[in-house]
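In case you want the letters, here they are:
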Amino acid sequence: MSDATATDANPDVDPAALAALKHVGLVGGLSETKVSCAALGDRLDASTQTASRRLQTLESAGYVERDVVSDGQWVRVTDAGEATLRAEYADYRQLFESDVELSLRGSVTGGMGEGRHYITLSGYAEQFRERLGYDPFPGTLNVNLTEESVRRRGEMAGIDAVPIGAWEGEDRTYGAATCYGVTLVADGERYDEVHAIVPDRTHHDDDQLELIAPDRLRDALDLADGDSVEVRVEPTSRADEPESAAVETEAA
């Protein structure tokens, strides 16, 4: 986990701008494509001026890059924009498919030791115990994701997970996070009771994923830096909230 005082990478964009992002992607913008605001406006059932403003919003958010020319503009969806589209895709997968699972791949890498500090803070430790159902080993296993898995990471947002709330310490506020249920697989061996912890605000790049578990995962799976692992992300719920109760809460 990282310092909660870090700032978010991108500002929020509204659904209308996200619709424009989807259309840009559909016409080839994941690589690069020439876009006319008039044509985009037609697809969005909006004016040329409105389409232009939405592209400007996406550029300001870091979701697209633009090169304006005399008869239009070349537009490319950035990695951040693709991650946002993948998160939308994951939401629809969860709506129309059952047993949604996401498989990410990467290699074990050394950390800076921050995980041990944050995992053991009382405000987090108590929530882990109650909501995950165990006391995590005091430290995280860091996984350096492959390029393909970095692109797919945004799909995690559509998978049911356990929220960890922000809390007040003596001299500062510690930020919220989300814990995704994970099965970790390495060299044919697997460890089921794992969670990927994703702080709402973090210093880490998207290619880094932190894992926690009741045991030291390096020992449990005989892992060393550079070893290849598979991170299977699956829907999970809070240990202190039975699934039936969660459904009733949502229905209410």
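As recorded in an unreviewed UniProt entry, the protein chain goes by the name Riboflavin kinase, listed as coming from Halorubrum xinjiangense. Per UniProt, the protein chain has the following entry under Sequence similarities (unreviewed entry): "Belongs to the archaeal riboflavin kinase family." Recorded in UniProt under Function (unreviewed entry), the annotation for the protein chain is "Catalyzes the CTP-dependent phosphorylation of riboflavin (vitamin B2) to form flavin mononucleotide (FMN)."

**Some thoughts on the nonpolar core**
Grouped together as the largest cluster of nonpolar side chains are 24 residues, with contacts concentrated most on Leu 184 and Leu 211. Secondary-structure elements contributing two or more residues to this core are strand S4 (102–109), strand S5 (141–145), strand S9 (177–186), strand S10 (189–199), strand S11 (208–212) and strand S12 (228–234). In terms of residue count, the dominant contributor to this core is S9 (four residues). When near neighbours in sequence (up to four residues on either side) are disregarded, Leu 211 contacts Gly 139, Thr 140, Leu 141, Val 143, Leu 184, Val 194, His 195, Ala 196, Leu 217 and Val 231. Counting residues in hydrophobic clusters, the runner-up holds 17 residues, among them Leu 21, Val 35, Leu 44 and Val 64.

**Remarks on the sheet that holds strand S3 (residues 72–77)**
The strand order across the open sheet built from three strands is S1-S3-S2, with neighbouring strands paired in antiparallel fashion. Two strands bound the open sheet, and with one partner strand each, they are strand S1 (33–35) and strand S2 (64–69). Each strand axis lies, on average, 30 degrees off the axis of its neighbour in the sheet, ignoring direction. Note that S1 and S3 share three bridges and pair antiparallel. From the neighbouring strand, Thr 33 faces S3, where its bridge partner is Val 75. Running at roughly 130 degrees to S2, helix H3 (residues 48–61) makes contact with S1, S2 and S3 of the sheet.

**Structural notes on the packing of aromatic side chains**
Under the criterion given, the structure shown has four aromatic pairs. Taken together, a centroid distance of 6.3 Å and an interplanar angle of 20 degrees make the contact between Tyr 124 and Phe 128 stacked. Placement of both Tyr 124 and Phe 128 in helix H6 (residues 122–132) is noted, with a separation of four residues, approximately one turn of the helix. For the residue pair Tyr 124 and Phe 128, the accessibility class agrees, reading buried in each case. On the basis of an interplanar angle of 15 degrees and a centroid distance of 4.4 Å, the ring pair of Trp 167 and Tyr 174 is categorised as stacked. Classification of Tyr 174 as buried rests on a relative accessible area of 9%. Grouping aromatic residues by their ring pairs yields a cluster made of Tyr 124, Phe 128, Trp 167 and Tyr 174. Over the ring of Tyr 174 we find Arg 172; its NZ or CZ atom is 4.1 Å from the centre of that ring.

**Overview of the pattern of salt bridges**
Across all of its chains, the model carries twelve salt bridges by this definition. Between Arg 190 and Asp 192 there is a salt bridge whose closest N-O contact spans 3.0 Å. Residue classification places Arg 190 among the partly exposed positions, given a relative accessible area of 47%. Asp 192 sits in the partly exposed class, given a relative accessible area of 47%. The partner of Arg 216 in a salt bridge is Asp 219, with the nearest N and O atoms 2.9 Å apart. With relative accessibility at 56%, the residue Asp 219 sits in the exposed group. Via salt bridges that share partners, Arg 105, Glu 230 and Arg 232 belong to a single interconnected network.

**Structural notes on the pairing of S4**
Relative to S12, S4 runs antiparallel, the two sharing six bridges. Residue Gly 106 lies in a different strand from S12, and its bridge partner there is Val 229. Pairing between S4 and S5: four bridges, direction antiparallel. Across the sheet, Gly 106 pairs through a bridge with Leu 145, a residue of S5.

**Topic: the packing of helix H2 (residues 37–44) against H3**
Between H2 and H3, whose axes approach to 8 Å, the crossing angle comes to 100 degrees. Considering the angle they form, H2 stands roughly perpendicular to H3. Side by side, H2 and H3 meet where Cys 37, Ala 38, Leu 40, Gly 41 and Leu 44 of the first sit next to Thr 48, Ala 51, Ser 52, Arg 54 and Leu 55 of the second.

**Quick look at unusual backbone geometry**
Positioned with a positive phi, Asp 187 is a non-glycine residue whose angle comes to about 50 degrees. Looking at the element boundaries, Asp 187 is found in the loop between S9 and S10. Residue Asp 187 is classed as exposed on the basis of its relative accessible area, which comes to 80%. Residues other than glycine seldom take positive phi values, yet Asp 222 does so here, at roughly 50 degrees.

Conventions and cut-offs
- For every chain, the first residue of its written sequence is number 1, and the numbers climb from 1 along that sequence.
- Reporting of local features is limited, given that this is a predicted model, to residues whose pLDDT is at least 70; pairs of side-chain atoms are given and counted only at 80 or more, and all residues count toward the totals for whole chains, interfaces and linings.
- In computing side-chain properties, one takes all heavy atoms of the structure into account and sets aside hydrogens as well as water.
- UniProt positions are given in the numbering used here, feature names are shortened, and annotations may be inferred rather than shown by experiment.
- Only buried residues count toward a nonpolar core, which is a set of Ala, Val, Leu, Ile, Met, Phe, Trp, Tyr and Cys residues joined through side-chain atoms within 4.5 Å.
- Using a 1.4 Å probe on the protein chains alone, a residue whose accessible area is under 20% of its type maximum counts as buried, one over 50% counts as exposed, and one in between counts as partly exposed.
- Helix and strand assignments come from DSSP, with helices taken as H or I runs of at least 4 residues and strands as E runs of at least 2, each series counted from the N terminus.
- Note on contacts: a residue pair is in contact if any heavy atoms of the two residues lie within 4.5 Å.
- Strands qualify as paired when DSSP identifies two bridges or more between them.
- Axis lines are fitted to C-alpha atoms, over the contacting stretch for helices. Their N-to-C directions set the angle, which ranges from 0 to 180 degrees.
- To pair, rings of Phe, Tyr and Trp, with the six-membered ring standing in for Trp, must have centres within 6.5 Å; the planes then decide the type, stacked if under 30 degrees apart, edge-to-face if over 60, and tilted in the middle.
- The rule is short: NZ of Lys or CZ of Arg within 6 Å of the ring centre and within 35 degrees of the ring normal puts a charge over the ring.
- Put simply, a salt bridge is a Lys or Arg side-chain nitrogen that is within 4 Å of an Asp or Glu carboxyl oxygen.
- In what follows, roughly perpendicular refers to angles from 65 to 115 degrees, roughly parallel to angles under 35, roughly antiparallel to angles over 145, and oblique to any angle outside these ranges.

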